[in-house]
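One-letter residues, chain by chain:
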Amino acid sequence: MSDEIRRNMALFSIGSVMKLTDLTARQIRYYEQHELIVPARTDGNQRLFSFNDVERLLQIKALIEKGVNIAGIKQVLNPVSKDSEDATVITDQSGVKRKELDDAQLHKMLKRELLTGNRRGKVSLIQGELSRFLNHKS
DNA sequence: TTTCTCACA
DNA sequence: TGTGAGCA
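Residues numbered from 1 in each chain as written. Chains lettered and ligands numbered in written order. Predicted model: local features only at pLDDT ≥ 70, side-chain atom pairs only at ≥ 80, totals over all residues. Heavy atoms only, no water.

**Student:** Tell me what's going on with the packing of aromatic side chains, and back it up with residues and numbers.
**Tutor:** Two measures describe an aromatic ring pair: the distance that separates the ring centres and the angle between the ring planes. Summed over the entire model, instances satisfying the criterion amount to two aromatic pairs. Relative to Phe51, the ring of Phe12 lies with its centre 5.0 Å away and its plane at 80°, an arrangement referred to as edge-to-face. Taken together, the residues Phe12 in the loop between α1 (3–9) and α2 (14–21) and Phe51 in helix α4 (residues 51–65) connect sequence positions 39 residues apart. Exposure remark for Phe12: the relative accessible area of 4% places this residue in the buried category. Ring centres of Tyr30 and Tyr31 lie 6.1 Å apart, and the angle between their planes is 65°; this geometry places the pair in the edge-to-face category. Take Tyr30: its relative accessible area is 35%, and that puts it in the partly exposed class. By relative accessible area, which is 4% here, Tyr31 ends up buried. (Phe/Tyr/Trp six-rings, centres within 6.5 Å; stacked < 30°, edge-to-face > 60°. Helix = DSSP H or I, 4+ residues; strand = E, 2+ residues; numbered from the N terminus. Buried < 20%, exposed > 50% of the residue type's maximum accessible area, 1.4 Å probe, protein only.)

**Student:** Residues and numbers for the protein's contact with DNA strand B, please.
**Tutor:** In the region of DNA strand B, the neighbouring residues are Ser13, Ile14, Gly15, Arg26, Arg29, Arg41, Asn45, Gln46 and Arg47. Sugar plus phosphate, as a fraction of atoms of DNA strand B within 4 Å of the protein: 90%. Within the side chain of Gln46, a nitrogen or oxygen atom sits 3.1 Å from a sugar or linking oxygen of DNA strand B. Going through the elements one at a time, α2 and α3 (25–33) are the ones with two or more residues in the surface near DNA strand B. Here the residues of the surface near DNA strand B are counted per class, giving one nonpolar, four polar and four charged. (Near = heavy atom within 4 Å. Polar contact = N/O pair within 3.5 Å; in protein donor to acceptor, adjacent residues only side chain to side chain. Nonpolar A, V, L, I, M, F, W, Y, C, P; charged D, E, K, R; others polar.)

**Student:** Explain α4 residue by residue, including any values.
**Tutor:** When the terminal C-alpha atoms of α4 are compared, their 21 Å separation across 15 residues agrees well with the 21 Å that a helix rising 1.5 Å per residue should span. Listed in full, the buried residues belonging to α4 are Asp53, Val54, Leu57, Leu58, Ile60, Lys61, Ala62 and Leu63. Of the residues trailing α4, Gly67 is marked for its positive phi of about 85°. (Expected span 1.5 Å × (residues − 1).)

**Student:** An account of the protein's contact with DNA strand C is needed here, citing residue identities and associated values.
**Tutor:** Looking at DNA strand C, the residues that line it are Thr24, Arg26, Gln27, Tyr30, Tyr31 and Ile64. At the protein interface, 46% of the atoms of DNA strand C within 4 Å belong to sugar or phosphate. One nitrogen or oxygen atom from the side chain of Thr24 is found 3.0 Å from a phosphate oxygen belonging to DNA strand C. Of the residues forming the surface near DNA strand C, the biggest block, four residues, is contributed by α3.

**Student:** Report on the pattern of salt bridges, specifying residues and quantitative values.
**Tutor:** Under the defined criterion, the tally for this structure stands at three salt bridges. Arg41 is the partner of Glu32 in a salt bridge, and the nearest nitrogen-oxygen pair spans 3.4 Å. Note that Glu32 is salt-bridged to Arg47, the shortest N-O span being 2.0 Å. Taken as a pair, Glu32 in helix α3 and Arg47 in strand β2 (residues 47–48) lie far apart in primary sequence, 15 residues in all. Since its relative accessible area comes to 18%, Arg47 is described here as buried. Salt bridges linked by common partners bring Glu32, Arg41 and Arg47 together as one network. (Salt bridge = Lys/Arg side-chain N within 4 Å of Asp/Glu carboxyl O.)

**Student:** If you had to explain the side chain of Lys61 to someone new, which residues and values would you point to?
**Tutor:** Considering the arrangement of structural elements, one finds Lys61 in helix α4. At 3.3 Å, the side chain of Lys61 and the backbone oxygen of Thr21 are in polar contact. Apart from the residues lying within four places of it in its own chain, the contact partners of Lys61 are Thr21, Asp22 and Leu23. (Contact = heavy atoms within 4.5 Å.)

As structure tokens, then:
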């Protein structure tokens, strides 16, 4: 669990993130405007990204390449409180939590689509690049 | 030099 | 989204 801490601690400049994600600074800032990511700031108002942010950016990139728009990406990335909209739960003949179930399945479906083809390949590639970047650091 | 915000193509 | 201006 303390892994979360480190993931959110490592900080990169937007320039590093650009190289790591192949996104332009413009895109990165654009995604931030749409709340797809929420990087921290330095004293000089400089953006600081964590490993989590980088991974998030890579997911966003993958989704965009699949033709998903900002709104769609928000749905996949934003954990929209698990129980903040149970007001519209349908109570049909089969069950009581119809809507909730559908949301969960949809979310899982989208996530799977996003990661289809590189369950491990892309991730390890990313980590490899991160390591190379951190070690070379020249 | 790099990043930032803002505005226009 | 890209690009350029003017700052810090």
